[in-house]
Amino acid sequence: MTMDFAIHKELVMEKLPTAFCHASTIIKLRSGGLMCCWFGGSHEGEADVAIFGARKEAGGGWSAPEKLADGVEANWNPVLFYREDGTLLLFYKEGQQIAHWRTMVMQSSDDGLSWTAPAELVPGDASGGRGPVRNKPIRLKSGRILAGGSTEHGIWQAFADLSDDEGANWRKSTPVVIENLQYEQGEKTAESDIAVSAQSFYGRGVIQPSLWQSADGSVHMLLRSSEGFVFRADSEDEGESWSAAYALSLPNNNSGLDLVRLEDGTLLLVCNPVAANWGMRSPLSLFISEDDGASWAKLCDLETAKGEFSYPAIIAQGDDVHISYTFDRKNIAVVHLVKKS
């Protein structure tokens, strides 16, 4: 497999406004340029952690970071997505406890220059967060919006959240689980020096789906897992119900991954290919599948240094591909893949 892209990398911030930054999302603005958001504060899971954003106008550099949302409790995992009418949505989580966090949403009618006040996506839902948990939703051929969700209550499980009215209302699919997985409530599953909230080291299963739709209409997700490998699940009814999660041969370190489907059907996946629960978050690598996810080949490493290079977000418009990711919790890196002629 040859590398058909040239790689151009830049850092979003000249100066980080907080002690750390993590969990970026990126989108191509309809007015041109890019927008990137992330969370940052004194330490992951603390009440001062807020949602920040920056813009890159076409042909220009990145704007200074701007605080976009700062709830009373900790804020997490921003996700950007467009409605059909051009309204830009910013989803994010709010809550001290991951198991009980709420999904908030803000709207912008001017490509992220101004935002509405935050509102809970599914008011009163206490299941642990609705809509997208970390990765971008996808729009199916039917127009349905499908968001990858997950909960962390001992045995972690994923699901798809479905909206047939442009995000006004949501309903959950059947759960996606690893069958026969055993977990004793309160059991700590790993020791690690990764700078996550301490509560993250409890629980076992699959979370944080990344989604794609095949040419035949079937829908699939790849999942972060605690089991040393990327897991997959499949749906034949537009995300209403799912198969059990099953392991692929791709290593996973219990850290975020993301994929995108190009116009020709090629899939690009970004992840840390490390087969250890809470293993190192380096290298960060790019994989390709030309058979709709049946097999994967590594294209290249985006990062190989010691440190944390994690939680990628990948988007594509035509042959134009952008990837954002945590750069050692000191910055957000954005890679532009430019197809070679």
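Shown above is the structure to which this text applies.
Predicted model only: the values in this text are computed from it and were never measured.

The rules behind each value
- Residues numbered from 1 in each chain as written.
- Predicted model: local features only at pLDDT ≥ 70, side-chain atom pairs only at ≥ 80, totals over all residues.
- Heavy atoms only, no water.
- Helix = DSSP H or I, 4+ residues; strand = E, 2+ residues; numbered from the N terminus.
- Buried < 20%, exposed > 50% of the residue type's maximum accessible area, 1.4 Å probe, protein only.
- Contact = heavy atoms within 4.5 Å.
- Lys, Arg positive; Asp, Glu negative; His and termini not counted.
- Charge placed at Lys NZ, Arg CZ, Asp CG, Glu CD.
- Phe/Tyr/Trp six-rings, centres within 6.5 Å; stacked < 30°, edge-to-face > 60°.
- Lys NZ or Arg CZ within 6 Å of the ring centre and 35° of its normal.
- Core = buried A, V, L, I, M, F, W, Y, C linked by side-chain atoms within 4.5 Å.
- Pairing = 2+ DSSP bridges.
- Salt bridge = Lys/Arg side-chain N within 4 Å of Asp/Glu carboxyl O.

(A) Inspection of the overall build of the chain at higher detail. Across its full length, the chain holds zero helices and 24 strands. Each principal axis of the C-alpha distribution contributes one length, and for the chain these read about 50 × 50 × 45 Å. Per-residue burial for the chain yields a buried fraction of 59% across its 341 residues. For the chain, restricting intrachain contacts to residue pairs at least 6 apart in sequence, the fraction spanning at least 24 positions comes to 50%. On the chain, the mean spot of the 30 positive side-chain charges and the mean spot of the 46 negative ones are 3 Å from each other.

(B) Just the packing of aromatic side chains, in detail. For the coordinates displayed, the defined rule picks out six aromatic pairs. Look at Phe201 and Trp278: their rings are 4.9 Å apart centre to centre, the planes differ by 70°, and that puts the pair in the edge-to-face class. Linking Phe201 in the loop between β13 (171-172) and β14 (204-213) with Trp278 in the loop between β19 (267-271) and β20 (284-289), this pair joins segments that are 77 residues apart in sequence. Judged by relative accessible area, Trp278 falls into the buried class, the value being 5%. Through a chain of ring-to-ring contacts, the aromatic side chains of Phe20, Phe39, Trp76 and Trp101 assemble into a single cluster. Positioned above the aromatic ring of Tyr311 is the side chain of Arg134, whose terminal nitrogen or guanidinium carbon lies 4.6 Å from the ring centre. The ring of Phe159 carries Lys172 above its face, with NZ or CZ at 4.3 Å from the centroid.

(C) Seen up close, unusual backbone geometry. A cis amide bond links Ser282 with the next residue in sequence, Pro283, at an omega value of 5°. Within the element layout of this structure, Pro283 appears in the loop between β19 and β20. If you check the backbone angles, Gln208 has positive phi at about 55° while not being a glycine. If you trace the backbone, Gln208 turns up in strand β14. According to the relative accessible area criterion, Gln208 is buried, its value standing at 3%.

(D) Seen up close, the nonpolar core. Counting 25 residues, the largest nonpolar core has Ile27, Met35, Phe39, Leu80, Leu88, Leu90 and Trp115 as the members making the most contacts within it. Counting residues per element, the ones that place at least two in this core are β2 (20-28), β3 (34-41), β5 (66-69), β6 (75-82), β7 (88-94) and β8 (102-108). One finds Phe5, Leu286, Leu299 and Ile323 within the second-largest nonpolar core, a separate group that totals 19 residues.

(E) The arrangement of the pairing of strand β12 (residues 155-163) in detail. Burial analysis of β12 places seven of its nine residues in the buried class, the great majority of the element. Bridge count between strand β11 (residues 145-153) and β12: nine bridges; the pairing is antiparallel. Each residue of the ladder has a partner; that of Ala147, found in β12, is Asp161. The turn linking β11 back onto β12 is made up of one residue, and Gly154 within it adopts a positive phi angle of 80°. Relative to β14, β12 runs parallel, the two being bridged by two bridges. Looking at the pairing, Ile155 lines up with Arg204 of β14. In the sheet, β12 pairs with β13 via two bridges, with the strands oriented antiparallel.

(F) Structural detail: the pattern of salt bridges. Throughout the structure, instances matching the rule amount to 26 salt bridges. With its nearest N and O atoms 3.3 Å apart, the salt bridge here joins Lys56 to Glu10. Of the two residues, Lys56 is situated in strand β4 (residues 50-56) and Glu10 in strand β1 (residues 5-11); the sequence distance between them amounts to 46 residues. Note that Lys136 and Asp258 form a salt bridge whose closest N and O atoms lie 3.0 Å from each other. Of this pair, Lys136 sits in the loop between β9 (119-120) and β10 (138-139) while Asp258 sits in strand β18 (residues 258-261), and the two are 122 residues apart along the sequence. The same class applies to Lys136 and to Asp258, which are both buried. The structure contains a network of salt bridges with shared partners spanning Arg144, Asp164, Arg171, Glu238 and Glu240.

(G) A look at the environment of Tyr92. Residue placement: Tyr92 occurs in strand β7. Separated by 39 residues in the primary sequence, Tyr92 and Gly131 place their C-alpha atoms 9.2 Å from one another. Setting aside residues no more than four positions away along its own chain, Tyr92 makes contact with Ile51, Ala69, Asn75, Trp76, Asn77, Pro78, Arg102, Thr103, Met104, Met106 and Pro118.

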